[in-house]
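Observations on the model geometry
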Amino acid sequence: MLFKKKTDFKVDSRLSHIAFIMDGNGRWAKKRGLPRKVGHKFGAEAFENTVKNCHKLGIKTVTVYAFSTENWSRPKDEIDAIIGLMEKYIEEAKKYEDIKIVFLGDKSVLPITLQNSIIELENRTSHYDNTLNIAFNYGGRAEIVNACNELIKEGKSSVTEEDINNHLYTKASPDPDLIVRTANEFRLSNFLLWQCAYAEFYISTALWPDFDMKELQKAIKSFYERKRRFGGIIDK
Ligand code: FPP
């Protein structure tokens, strides 16, 4: 990480991919006596700001966990609110001309209008270098099962790690270097199970709607204090 002045804070190639488990929208709303969906609305703002902040700091790939395969068990009005926020974000993202947007997960059960706008956005942005992966109707186990089924369909009788990597929803991204989870929760919740093999973890006590540039920089500083060994040893 290059620290010259506070304003030039930039990451280097050791940190190319950060993934966020955006937790705590409901608690943020509850603390204020507001409906949970208001928490998600402010969570969506924190999401947009965080993507922009990561971009400013030079992080090439950002992944967010926006809706899990388990989140369908929530009340319908909450699900509708999250889907509505995603539709609004996609509309807003039409203005962006610098980021490739990729949706991770099974699109086939989403409302057809949402499926179409996701596909249109993915196609239109596919040539940009920086990437935003949005995990939506995503589950890590389902992703691995899906990869295995695709390999079976291709006629494989045995597979390599590379084969699996190439059939994950994240096939175009490097593994995450850092996973940030907010709201002081220490769980992976079925997120990027395969890809997290050597990721560093940072747990923030901030609730997601309060996650800002200062919190992001704290997470990054913590990452740079780690000694990543990838199973090897550092001092021989
Ligand atoms: C977890 O908080 C958050 C989610 C399940 C949804 C994440 C969604 C957003 C950040 C906003 C959506 C953004 C877009 C663009 C769709 P929680 O509700 O589980 O919080 P709690 O644990 O405090 O109840």
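Fair warning: this is a prediction, and the values are worked out from it, not measured in the lab. (Residues numbered from 1 in each chain as written. Predicted model: local features only at pLDDT ≥ 70, side-chain atom pairs only at ≥ 80, totals over all residues. Heavy atoms only, no water.)

**Observations regarding the pattern of salt bridges**
- According to the stated counting rule, one finds 14 salt bridges in the structure shown.
- Between D12 and R14 there is a salt bridge whose closest N-O contact spans 2.8 Å.
- A relative accessible area of 22% places D12 in the partly exposed class.
- Note on R14: relative accessible area 47%, which makes it partly exposed.
- Taking the shortest distance from any N to any O, the salt bridge between R181 and D23 comes out at 2.9 Å. Highlighted residues: R181 in strand β5 (residues 178-181) and D23 in the loop between β1 (17-21) and α1 (25-31), separated in sequence by 158 residues. (Salt bridge = Lys/Arg side-chain N within 4 Å of Asp/Glu carboxyl O. Buried < 20%, exposed > 50% of the residue type's maximum accessible area, 1.4 Å probe, protein only. Helix = DSSP H or I, 4+ residues; strand = E, 2+ residues; numbered from the N terminus.)

**Observations regarding the site of the ligand**
- Surrounding the ligand, one finds 19 residues, the nearest of these being D23, G26, R27, R36 and R74.
- Contacts to the ligand include D23, whose side-chain N or O atom sits 3.1 Å from an oxygen atom.
- Residue R74 places a side-chain N or O atom 2.9 Å away from an oxygen atom belonging to the ligand.
- Looking at the shell around the ligand, the elements with two or more residues in it are α1, α2 (36-57) and α3 (76-93).
- Considering each element in turn, the shell around the ligand owes the most residues, 5 residues, to α2. (Near = heavy atom within 4 Å. Polar contact = N/O pair within 3.5 Å; in protein donor to acceptor, adjacent residues only side chain to side chain.)

**So, the side chain of T170**
- One can find T170 in the loop between α6 (161-165) and β5.
- For T170, the side chain forms a polar contact with the side chain of Q195, separated by 2.8 Å.
- Excluding residues that lie within four positions of it along the chain, T170 makes contacts with L104, E143, L192 and Q195. (Contact = heavy atoms within 4.5 Å.)

**Section: helix α7 (residues 213-224)**
- End to end, α7 covers 16 Å across 12 residues, agreeing with the expected 16 Å (1.5 Å per residue, within 8%).
- Where α7 is concerned, the buried positions are E215, L216, Q217, A219, I220, S222, F223 and Y224. (Expected span 1.5 Å × (residues − 1).)

**Considering the nonpolar core**
- Of all hydrophobic cores here, the largest spans 43 residues; its most connected members are F20, I134, F136 and I220.
- Among the elements that line this core, the one with the most residues is α3, at 7 residues.
- Not counting residues within four places of it along the chain, the set of residues in contact with F20 comprises T50, C54, V62, T63, V64, Y65, V180, F191, W208, F211 and L216.
- In terms of nonpolar packing, the next biggest core, distinct from the first, is built from 12 residues, A19, Y65, L192 and A199 among them. (Core = buried A, V, L, I, M, F, W, Y, C linked by side-chain atoms within 4.5 Å.)

**Quick look at the packing of α2 against α3**
- In the contact formed by α2 and α3, the axes pass within 10 Å of each other and the chain directions differ by 25°. Between α2 and α3, the crossing angle belongs to the class labelled roughly parallel. α3 is crossed by α2, and the crossing has right-handed handedness. Across the interface between the two elements, R36, K37, H40, K41, A44, F47 and E48 of α2 pack against D77, E78, A81, I82, L85, Y89 and E92 of α3. (Axes fitted to C-alpha atoms, helices over the stretch in contact; angles between N-to-C directions. Parallel < 35°, antiparallel > 145°, perpendicular 65-115°, else oblique. Left-handed = near helix turned anticlockwise from the far one by under 90°.)

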